[in-house]
Amino acid sequence: MRNGIAPADTVPVDVVDVFVNSGLAGAAADDAVAKGAKAVWFQLGVIDEPAYDRTRAAGLDMVMNRCPAIEIPLLG
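Residues numbered from 1 in each chain as written. Predicted model: local features only at pLDDT ≥ 70, side-chain atom pairs only at ≥ 80, totals over all residues. Heavy atoms only, no water.

Participant: Just give me the short version of the environment of Ala37, but keep the residues and values in it.
Facilitator: Structurally, Ala37 is set in the loop between helix H1 (22-35) and strand S2 (39-42). Owing to a relative accessible area of 7%, Ala37 belongs among the buried residues under this scheme. Setting aside anything within four residues of it in sequence, one finds Ala37 in contact with Val13, Asp14, Val16, Ala32 and Leu60. (Helix = DSSP H or I, 4+ residues; strand = E, 2+ residues; numbered from the N terminus. Buried < 20%, exposed > 50% of the residue type's maximum accessible area, 1.4 Å probe, protein only. Contact = heavy atoms within 4.5 Å.)

Have a look at this one:
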């Protein structure tokens, strides 16, 4: 740690929010798994079924083709 800021690769990751085109999303999901994230969220229009399957098989929660700004308020 330097100046009170931990290096990015040492910070725990809860959720990785993926807002790129679907062709790049799988690599982002794989990186999230490798970094030990707890969940991956693919934004509206971001769809990659094989990445979804790999992420779930690795034990992470996964949301695909949804917008948190729409979904979270629905939770109450």
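Participant: So what's going on with the pairing of S2? Which residues, and what values?
Facilitator: Of the two faces of S2, the one holding Ala39 and Trp41 and the one holding Val40 and Phe42 are both buried throughout. Across four bridges, the pairing between strand S1 (residues 15-18) and S2 is parallel. Residue pairing in the sheet places Val18 in a bridge with Phe42 of S2. Here S2 pairs with strand S3 (residues 61-63) via three bridges, running parallel. Pairing of Val40 across the sheet is with Met62, part of S3. Between the parallel pair S2 and S3, the chain is carried across by helix H2 (residues 49-57), and the sense of this crossover is right-handed. (Pairing = 2+ DSSP bridges. Right-handed = clockwise from strand over helix to strand, strands pointing away.)

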